[in-house]
Amino acid sequence: MPKLTKKIYDWFEERYGIADFKDFFAKKTVPVHKHFLWYYFGGITLFLFCVQVVTGILLLFYYKSTVAEAFESVKFIMTKVEFGWLIRSIHAWSANLMIFSAFIHLFSTFFLKSYRQPRELTWMTGVGLLGILMGLGFTGYLLPWNELSFFATKVGTQIAGSVPIVGSYLRTVLRGGEEISDATLTRFFAFHVMVLPIVIAAFLGIHLLMVQLQGMSEPLSVSRDPNKKEMKFFPNFLLRDFLVWLLVFAGLLTLSVFFPWELGKKADPFTATPVGIKPEWYFLWMFQTLKFIPAKILAFDGEVLGILGFGVAGAILLFIPFIDIWSKKEKRNPLFAVIGILAILYILFMTYQAYFGPQR
Amino acid sequence: MENRRLMQTSLRGAIATKQSFSGLLRFARNDTLFARKDTLFNVFVLVFLHLVFFLAIFPAFAFASVPQKDFCIECHKTLSEAAKEPADKIESDVHFKRGLSCVDCHGGDPTKDDFAEAKDPAKGFIGKPKRGDIPDLCGKCHADPAYMRRFNPNIQTDQLSKYNESQHGKLNAQGDQKVAVCISCHDVHGVREVGDPQAPVFITNIPKRCASCHADKEYMKDYSIPTDQMELYEQSVHGEALLKKGDRGAPACPSCHGSHDAALPRAMAVGNVCAQCHSLTRDLFAKSPHKAAHDKLGIPECEACHGNHKIMRTTDEILGTKGDGLCVKCHTVDSKGYAVATLIKTEIETLKMDIKESEGIVTNAETLGMEVSDAKFDLDQSKNSLTKSRTYVHTFSKEKVGEIVKEGMGLADKAKGQGQKAIEEFKFRRKGFAIAIFFILFLAGALYFKIRAMERD
């Protein structure tokens, strides 16, 4: 260790005992097996989240969260601010890739049963993080105040209004009144840049802390293998993570330059909802489900039942570590794999229907 | 006359009832009647009065709202085609809907089902009015403001006086039996309001109505006027707008010739006719040197270049001295006007070329995915200048046109600059992207080899 570095290290060691951290990281290992690839997706999601924070802060320098100025300020960012077009395009693309990566991370964790004891809380904070990311996507989508985002938010908050009992209250809270207005924009902005980031910081902190403390989970097949291999987290796995992040960044840059995120037309609340208004792709399967559900099922309202169904599905997802009691005993129950595959097929089918099915 | 009309309405019975009802009340309030001490007699009187009261008012109430049978309509409906037609058409008639009927124009007694009684000249029956008398007959009501107010307080009542001043009216006064009278345009028995799209005088229908006489060579042979107006109008920009596009703001025959006071516009006043819509153009023309020249030479203003019934969409081709340029109609090669016309034409063509070039560059930038809304706004503004410069041609001043052209060129150049900048920016982005990707991939490659080397060790 060079002299100066050693001096600094000693200064910290004397005060905070950082040798323990050093030892911890030196000893930390990552299991190596045929499902190793899936370990990268948590890191990719984290990397894209960091991209979001940085580009988000840069956009914050110019963005104005009022109905009169929002669209114009984003247009200003895209046309007048140096590299503003790139920052905004990266922010939009990265948001979508981050949610996509989070979905892959969730399903890979699900199929590898990494949620099993003792990582129940890691799983639950992870499910919470995905929910918050979708919340960030929903609130961020409105901020440019263009036609598509305005009406998608109108439809989205309308759906939230169908939640039993608290629905109308929830809709009013989301909209800041009866209609999508200035009040909606400012509170979506507050949620997007303050409330949700604070919550995400807490959840992410716990999530990452537990990943570090408990290490990477091994799939059931690997944990029983007597010849299992490992690699050091530092530097071997971390350098691999960096390599993947660089490649993801290259991809992100390519998308942002060749397919810049459009601004569209400024929202006009007085026009009729344009035909074919859809929410962001990650909400589409839910949106399409609600479209497919009949208006009335027996005496119940179809939409309300659909929303209750999503609530139940979300609760099952959240509490899966406690439901899958076989995994706790390190046993495999194919039922959960089947449920997972069916869920993916369902999401893919509904999303396909929303894009390419008959438009109603 | 006033009383007669009132009696003709269904209120007749109601008025009679009201009079007897008030008389009865006065009788009942007579104190002397109730001063008698004989109670039984009083009761008898009261019962009797109630009886009288009911007998008096009951029939009036019961039958007042039932309209009396109109035997004119009843009878004519049973007749053959020609005599039946008025009875069939009258139900859609605006007068009939307002409570008037056959009797109000033709006289007679519609309550009688006997032919002789109903058509008794003693009861004012006039039969079919003579064609020449029709304007006066209609005017009896339509020229009476007091009467017409009860139907519409804003209705015009000057149609008859205007008609009498019109060419039609003058010929009618001379006993011309072919000239248009009220029913020629408004129809008869099935008269509809002007705003009713089914009315023959509705704005989109009126050219056809005028043409029904004016385009009929046989009918018009006694009058020495052309019969091709409709044919020409249909080809004109105005005819296209009104008849093909249904643009109700477009002018029809009465917009220039008047309706009830229809007449040929005086040649020297034609500018005023066009100015009803093209006011700015007319103002510019009136202040131009052309105004005095036209007045002096007796050349109609707008018409001299744009024609009358066949006014075509103006193009830049009719401006100037070459090709279809109209200026050479009056200005000879060596005249000042010829030189000015050439200069104005050049100015406008230059602006057009400038806009075209800018538009190409801005479109190119947009196709490349660049945000060029500001440039497009400036481009639109420059096109506005082009339109304005075309209007200002009517000043016939190369300075004034040049000023607007300069303004338009400035905007077009600004848009061009923005478009070029956007294209440059696009190229810069591509280059920057290539460099950035090179470095990122270089770093990724280095990292890859570093990991391999590290793990080999």
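So, on to the overall build of chain A. Helix and strand counts for chain A come out as 16 helices and 4 strands. For the C-alpha atoms alone, the extent of chain A along its principal axes is close to 65 × 55 × 35 Å. Counting all 360 residues of chain A, 44% fall into the buried class. For chain A, contacts bridging at least 24 residues in sequence account for 77% of all contacts bridging at least 6. Of the roughly 19300 Å² of accessible surface on chain A, 72% is carried by carbon and sulfur atoms. A gap of 5 Å separates the mean positions of the 34 positive and 24 negative side-chain charges of chain A.

Per the secondary structure count, chain B includes 25 helices and 0 strands. In chain B, buried positions account for 29% of the 457 residues. Taking all contacts inside chain B whose residues are at least 6 apart in sequence as the whole, residues at least 24 apart take part in 55%. When the accessible surface of chain B is totalled, it reaches about 29100 Å², and 60% of it is carbon and sulfur.

All names here are of chain A. Contact pair helix 6 (residues 120-142) / helix 12 (residues 281-292): the axes reach a minimum separation of 10 Å and the direction vectors enclose 95°. It follows that helix 6 is roughly perpendicular to helix 12 by the angle criterion. Residues Met 134, Gly 137 and Phe 138 of helix 6 touch helix 12, and the partners they reach there are Tyr 282, Phe 283 and Met 286.

Another aspect to go through is the side chain of B:Ser358. All names here are of chain B. If you trace the backbone, Ser 358 turns up in helix 23 (residues 336-367). Among the residues examined, Ser 358 registers a relative accessible area of 0% and is labelled buried. With residues up to four places along the chain from it excluded, the contact list for Ser 358 reads Leu 379, Ala 412, Asp 413 and Lys 416.

Below, the discussion takes up the interface of chain B and chain A. At the interface, 21 residues of chain B touch 21 residues of chain A. Between chain B and chain A lies a buried interface of about 1900 Å² when both sides are counted; carbon and sulfur atoms form 75% of it. By the criterion of area lost to chain A, the three top residues of chain B are B:Arg429, B:Phe433 and B:Ile440, representing 28% of everything that side buries. Where chain B meets chain A, there are 3 salt bridges. The closest approach of N and O atoms between A:Lys75 and B:Asp374, which form a salt bridge, is 3.7 Å. Connecting chain B to chain A are 5 residue pairs in polar contact (both at pLDDT 80 or more). Every element with two or more residues in the side of chain B that touches chain A is listed here: helix 24 (373-391) and helix 25 (398-456) of chain B. Broken down by element, the side of chain B that touches chain A gets its largest block of residues, 17 residues, from helix 25 of chain B. Of the residues contributing to the side of chain B that touches chain A, the split by class is 12 nonpolar, 2 polar and 7 charged.

A few words on the nonpolar core. With 82 residues, the main nonpolar core has A:Val30, A:Trp123, A:Trp145 and A:Phe237 as its most contacted residues. Leaving out residues up to four positions away in the same chain, A:Phe237 has contacts with A:Val30, A:Phe36, A:Tyr39, A:Tyr40, A:Met216, A:Met231 and A:Lys232.

Turning our eyes to something else, we now look at helix 9 (residues 182-214) of chain A. An α-helix turns once every 3.6 residues. As a result, residues three or four positions apart point the same way. All names here are of chain A. For helix 9, with 33 residues, the first-to-last C-alpha span of 46 Å sits near the 48 Å given by 1.5 Å per residue. Of all the bends found along helix 9, the most pronounced is centred on Phe 191 and spans about 45°. Those residues of helix 9 not exposed but buried are Thr 184, Leu 185, Phe 188, Phe 189, His 192, Leu 196, Ile 200, Leu 204, His 207 and Met 210. Contacts made by the buried residues of helix 9 are with helix 3 (40-60), helix 4 (70-79), helix 5 (84-111), helix 6, helix 7 (147-160) and helix 8 (167-175). Phi turns positive one or two residues past the end of helix 9, at Gly 215, with a value near 75°.

Turning next to the confidence of the model for chain A. Considering every residue of chain A, the mean pLDDT works out to 93; 99% of them sit at 70 or more. Ranking the elements of chain A by mean pLDDT puts helix 10 (residues 220-223) of chain A last with 82 and helix 3 of chain A first with 97.

Reading guide: rules and limits
- Residues numbered from 1 in each chain as written.
- Chains lettered and ligands numbered in written order.
- Predicted model: local features only at pLDDT ≥ 70, side-chain atom pairs only at ≥ 80, totals over all residues.
- Heavy atoms only, no water.
- Helix = DSSP H or I, 4+ residues; strand = E, 2+ residues; numbered from the N terminus.
- Buried < 20%, exposed > 50% of the residue type's maximum accessible area, 1.4 Å probe, protein only.
- Contact = heavy atoms within 4.5 Å.
- Areas by Shrake-Rupley, 256 points an atom, 1.4 Å probe, with all protein chains shown as cover.
- Lys, Arg positive; Asp, Glu negative; His and termini not counted.
- Charge placed at Lys NZ, Arg CZ, Asp CG, Glu CD.
- Axes fitted to C-alpha atoms, helices over the stretch in contact; angles between N-to-C directions.
- Parallel < 35°, antiparallel > 145°, perpendicular 65-115°, else oblique.
- Buried area = accessible area lost by both parts, 1.4 Å probe.
- Salt bridge = Lys/Arg side-chain N within 4 Å of Asp/Glu carboxyl O.
- Polar contact = N/O pair within 3.5 Å; in protein donor to acceptor, adjacent residues only side chain to side chain.
- Nonpolar A, V, L, I, M, F, W, Y, C, P; charged D, E, K, R; others polar.
- Core = buried A, V, L, I, M, F, W, Y, C linked by side-chain atoms within 4.5 Å.
- Expected span 1.5 Å × (residues − 1).
- Bend = angle between axes of the 7 residues up to and from the residue.
- pLDDT = per-residue confidence, 0-100.

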